[in-house]
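An overview of the molecular structure
Spelled out from the first residue to the last, the chains are:
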Number of protein chains: 2
Amino acid sequence: MVYKREKIASPVIRRLPRYYRFLQELERRDVVNVSSGELAELMRTTASQVRQDLNCFGEFGQHGIGYRVETLRAEIGKILGIGEYYPAVIVGAGNIGTTMANQILCTTECFNLVAIFDNSESKIGSVVTGLTVRNSAELEDFCTKTKVTTGILCVPREAAEEITARLYNVGIRSFWNFSHYDIMAKYPDTLVENVHLNDSLMALCFRIKQNELASMEEAQDNSK
Amino acid sequence: MVYKREKIASPVIRRLPRYYRFLQELERRDVVNVSSGELAELMRTTASQVRQDLNCFGEFGQHGIGYRVETLRAEIGKILGIGEYYPAVIVGAGNIGTTMANQILCTTECFNLVAIFDNSESKIGSVVTGLTVRNSAELEDFCTKTKVTTGILCVPREAAEEITARLYNVGIRSFWNFSHYDIMAKYPDTLVENVHLNDSLMALCFRIKQNELASMEEAQDNSK
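In this report, the structure presented in the accompanying data block is examined. These figures come from a predicted structure and were not determined experimentally.

On to helix H4 (residues 69–80) of chain B, then. Helix length check: H4(B), at 12 residues, gives a terminal C-alpha distance of 16 Å against a target of 16 Å (1.5 Å per residue), a fit within 8%. For H4(B), the full list of buried residues reads B:Val69, B:Leu72, B:Glu75, B:Ile76, B:Gly77, B:Ile79 and B:Leu80. Buried residues in H4(B) make contact with helix H9 (197–223) of chain A together with helix H1 (10–28), strand E1 (33–34), helix H2 (36–43), helix H3 (47–55) and strand E2 (67–68) of chain B.

Printed below as a string of structure tokens:
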């Protein structure tokens, strides 16, 4: 597949996993063809946006027929790197670490979770999704030997800086980051996906509050 | 605080929790004043962007001095609705549900987690963050009596549709959604924050793959 990487804007990348998800669902329902209009409805966007997005990656659609669900799903999967199973390690075997281990095991074909590390005696040796939690002291040795590509940071902010440095020093350049440590500020040559659960909660809280304020204003206006 | 709600663009809302986080950190480090330039560096944006963002909410800064960290943190907190403690319930006491219960308990002042529900006999009656997991059959009764504002969906896609309908029917209009069910497609009058962990993983996978392809092309170019 030949396509111009430099052309792909970040919002398109954000949308690709959603396309993939919707196409998977259509495939499960044995839908054979899908039009850009139908995809647009699922994605809650316009047909022309869908065509523009998919054009970034080459021509999949046929005029009057639309897209073949199976082909398009497979192509987008290939573009996303699904099936690559990049070797990843989780650092931090607490609640978030355990949840993400399950997440990777059950629902993605992007990464292969090869180890989980923790520095707490109470966690080392316990079993999470079939993996025995290892001592963080072995982090560098293991990652070098196993050619790990990706670090998943499920440690508190205070520990994240040290763990990131250690992973970076053994050549790891991609991170799934649940800590609040800003990896890219110090390591601009890394690929980072941040998941800030608190930010998401705060954004929801903000919108509830705004809604309340709007209702109150409306009530005041009506009582005038 | 008077400000024009309709003016606030979604990217600004996204940035507010990050401002809040950085200001909290500055406050912990006893920093008294901060300039828009310093804030910009933390946010990895420009000083004029910072000033523009904060202007949406009124004037906090003083020329030549900058912003008072404590005041600005408190004001942004008020805007975000921090301290409101909206009553929320979690549905689904699995890994994700348990993790989010901890998350809410330990790290936010936005929501007050008042109950956790599950429909599995093995989970009902167990204790999560001090709350006894309730039978989902009691969902409507409980939410009506307790005036719950927010539902946190930690159930699989298949269950999410039914649970959303039941919560919606007792007046719940805001959701923190970990399922892949598209709540807003059916209920456009709701406030929804989606957390799609898989999409985030797939986006990371895509970027690793793109990076690999770029390195391969570079190697080919060099060998010519």
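Let us keep going from here.
Turning our attention to the relation of the copies chain A and chain B. Mapping chain A onto chain B calls for a screw motion: a turn of 180° about the axis and a shift of 0.0 Å along it, with 0.0 Å RMSD after fitting. With respect to symmetry, the two chain copies, as superposed, fit the operation of a two-fold axis. Comparing interface residues between copies, 100% of those in chain A also sit at the interface in chain B, which points to an isologous, same-surface contact.

Residues and elements named next belong to chain A. Judged by how many residues are buried, strand E4 (residues 111–118) sits mostly within the fold: seven of eight residues are covered. In this sheet, E4 lies alongside strand E3 (residues 86–91) in parallel orientation, the contact comprising six bridges. Within E4, the position partnered with Ile90 by the bridge is Ile116. Once the chain exits E3 it traverses helix H5 (residues 95–107) before rejoining the sheet at E4, and the crossover so formed is right-handed. Across two bridges, E4 lies against strand E7 (residues 134–135) in parallel orientation.

Here the focus is the sheet that holds strand E4 (residues 111–118) of chain B. Pairing within the open sheet is parallel, and its six strands lie in the order E7-E4-E3-E8-E9-E10 (chain B). If you trace the sheet from one side to the other, it starts and ends with strand E7 (134–135) and strand E10 (191–194) of chain B, each paired once. When strand E8 (residues 150–153) of chain B meets strand E9 (residues 174–177) of chain B, the two strands line up parallel, connected through four bridges. The residue of E9(B) that forms the bridge with B:Thr150 is B:Ser174. Along the sheet, H9(A) contacts strand E3 (86–91), E4, E8, E9 and E10 of chain B; its crossing angle with E10(B), the most-contacted strand, is approximately 175°. Across the sheet, helix H5 (residues 95–107) of chain B is in contact with E3, E4, E8 and E9 of chain B; its angle to E4(B) comes to roughly 165°.

The rules behind each value
- Residues numbered from 1 in each chain as written.
- Chains lettered and ligands numbered in written order.
- Predicted model: local features only at pLDDT ≥ 70, side-chain atom pairs only at ≥ 80, totals over all residues.
- Heavy atoms only, no water.
- Helix = DSSP H or I, 4+ residues; strand = E, 2+ residues; numbered from the N terminus.
- Expected span 1.5 Å × (residues − 1).
- Buried < 20%, exposed > 50% of the residue type's maximum accessible area, 1.4 Å probe, protein only.
- Contact = heavy atoms within 4.5 Å.
- Least-squares fit on C-alpha atoms with pLDDT ≥ 70 in both.
- Pairing = 2+ DSSP bridges.
- Right-handed = clockwise from strand over helix to strand, strands pointing away.
- Axes fitted to C-alpha atoms, helices over the stretch in contact; angles between N-to-C directions.

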